[in-house]
Amino acid sequence: MFYPLIRNILFGFDAEAVHYFAMNSFKKGCAIKPVKKLLQSAYQYNSPLLQKNVFGLPFKNPVGLGAGFDKNALFLDELEVLGFGFVEIGTVTPKPQAGNDKPRLFRLKEDKALINRMGFNNDGVEIIAERLRKRQSSIVNRQSPIRKTSPALMTDDSLTNDQKMIIGGNIGKNKVTPNEDAWKDYEICFNGLFDCVDYFVVNVSSPNTPGLRELQEKDSLRKILSQLQNINYGKPFKKPLLLKIAPDLTPEQLDDIISLAFEVKLDGLVATNTTINRQQLSAAGKAKSDDIGAGGLSGRPLKERATEVVQYLANGTKGQIPIIASGGIFTGADAQEKLAVGASLVQVWTGFIYEGPAIVKKINQVLAGRV
Ligand SMILES: Cc1cc2nc3c(=O)[nH]c(=O)nc-3n(C[C@H](O)[C@H](O)[C@H](O)COP(=O)(O)O)c2cc1C
């Protein structure tokens, strides 16, 4: 109700700085138990109608937060308060890295969009894995395809396993790692996070690490994904392995992804990452984007293309490989659109910035048929 007012104030400040300010303030609020309880009852919406089992994991609802929002796994408890069914941390790289020079995150208000060129700024896999281990309540040893839960790790007795927020680990390579050695970086992150996350996403689709998107080419991808699956299948219980792709791929490239997904037995696909295409921007947005320069565009202008890609993948895989839809989801209707063309789950990011913390509840209410 008050969010448009708060948003106007927040939008008066630098986008990246205000992101951390807002999340740290929210964290402080959540540290006070009665405040946390109040926020939970205001923002969470639970219904058995929303529960879903996807790639062997029990999602309490299908609305997640996309990678890049909580890169360092700093705010998971607070995001759980907001009712997310799942949160994807990262992109995590083997070594910590600072990312590109600031400013590197920009708002295009007239288009309800963002442009970012963060460049995988993150604390590195060791620190992030340690942080996740400390947050024991999130480490539920869910296994795929047969799930086993280790009760010792579940700290909140009031929560059943089906009400827990699922944690995905989105992994990438360091900027300095040449593409031919990229598979080693993915392997380090996969091993480092294996016991701390519920599923993995291989990110080869960010436009902000030079050359990264070339890894979407079939042979490079085969090397990375088959290497990870070899490790995965060698474990007593495997973790679901997904691939996140760009919206800017051609139909031929998407066909390659589909055949590779079957070949390496991927558990799912995430479609899509941000776009380098600027065609959907308004004239004002286009002018602003020219000033901003390079980066990945997200939000409303990405919505249609992301839906198209989800539909193409769902058709091409005959619905046999679950898809997480990401791109331009702001409302319940946007989420329904993605689910209708074949997505199993949805993620918000830019929509969260523009619509505010009630976005998860609002979408879930629509999906449960309550509004
Ligand atoms: C500031 C920012 C940082 C992001 N960082 C990552 C990232 O590190 N890894 C990744 O896979 N996607 C990243 N993304 C992409 C989002 O996860 C999402 O796929 C994309 O923004 C499209 O969804 P949206 O239109 O709802 O924002 C980032 C997006 C934004 C806006």
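The rules we used
Residues numbered from 1 in each chain as written. Predicted model: local features only at pLDDT ≥ 70, side-chain atom pairs only at ≥ 80, totals over all residues. Heavy atoms only, no water. Helix = DSSP H or I, 4+ residues; strand = E, 2+ residues; numbered from the N terminus. Contact = heavy atoms within 4.5 Å. Near = heavy atom within 4 Å. Polar contact = N/O pair within 3.5 Å; in protein donor to acceptor, adjacent residues only side chain to side chain. Areas by Shrake-Rupley, 256 points an atom, 1.4 Å probe, with all protein chains shown as cover. pLDDT = per-residue confidence, 0-100. 1 Å grid on protein atoms, 1.4 Å probe; cavity = no way out; pocket = protein on both sides within 12 Å on 5 of 7 lines; lining within 4 Å. Points joined across faces, edges and corners; volume = space filled by probe spheres on them. Pairing = 2+ DSSP bridges. Axes fitted to C-alpha atoms, helices over the stretch in contact; angles between N-to-C directions.

A word on the environment of phenylalanine 352
(1) Moving on: Within the secondary structure layout, phenylalanine 352 lies in helix 12 (residues 350-355).
(2) Moving on: In this structure, the C-alpha to C-alpha distance between phenylalanine 352 and valine 371, residues 19 residues apart in sequence, is 20 Å.
(3) Moving on: Leave out the neighbours within four places in its chain, and phenylalanine 352 touches Tyr3, Leu65, Phe69, Leu79, Leu82, Phe84, Pro357 and Ile359.

A closer look at the site of the ligand
(1) Moving on: Around the ligand sit 23 residues in total, of which Ala67, Thr91, Ser326, Gly328 and Thr350 are the nearest.
(2) Moving on: Threonine 91 places a side-chain nitrogen or oxygen 2.7 Å from a nitrogen atom of the ligand.
(3) Moving on: Here an oxygen atom of the ligand sits 2.7 Å away from a polar atom, N or O, in the side chain of serine 326.
(4) Moving on: Protein chains bury 97% of the 610 Å² of accessible surface belonging to the ligand in isolation.

Looking at the confidence of the model for the protein
(1) Moving on: Confidence in the prediction of the protein, expressed as mean pLDDT, is 93, and 92% of residues score 70 or more.
(2) Moving on: Residue range residues 138-157 is modelled with pLDDT below 50. Its contacts to residues more than four positions away, or to other chains, number 52 contacts.

Details of empty space enclosed by the protein
Using a probe with the size of a water molecule, rolled over the atoms, empty space left in the structure can be pinpointed.
(1) Moving on: Throughout the structure, instances matching the rule amount to 2 cavities of 30 Å³ or more.
(2) Moving on: In this structure, the largest cavity occupies an estimated 540 Å³ of space.
(3) Moving on: Looking at the largest cavity, it is lined by 37 residues, and the ones nearest its centre are Ala67, Gly68, Asn116, Thr274 and Trp349.
(4) Moving on: At the level of elements, helix 2 (15-30), strand 4 (86-92), strand 6 (113-116), strand 11 (296-299), strand 13 (345-348) and helix 12 are the ones that each hand at least two residues to the lining of the largest cavity.

Considerations on the sheet that holds strand 7 (residues 166-171)
Paired through backbone hydrogen bonds, the strands of a sheet run either parallel or antiparallel to each other.
(1) Moving on: One closed barrel holds the 8 strands; their spatial order is 3-4-7-8-9-10-12-13, and the pairing between them is parallel. Taking the axes of each pair of neighbouring strands and ignoring which way they run, one obtains an average angle of 25 degrees across the sheet.
(2) Moving on: Inspection of the sheet shows strand 3 (residues 63-65) paired to strand 4 by 2 bridges, in the parallel sense. Within the sheet, the bridge partner assigned to glycine 64 lies in strand 4 and is phenylalanine 86.
(3) Moving on: Contacts from helix 7 (residues 218-234) reach strand 7, strand 8 (199-203) and strand 9 (241-245), with the element oriented near 160 degrees to strand 9.

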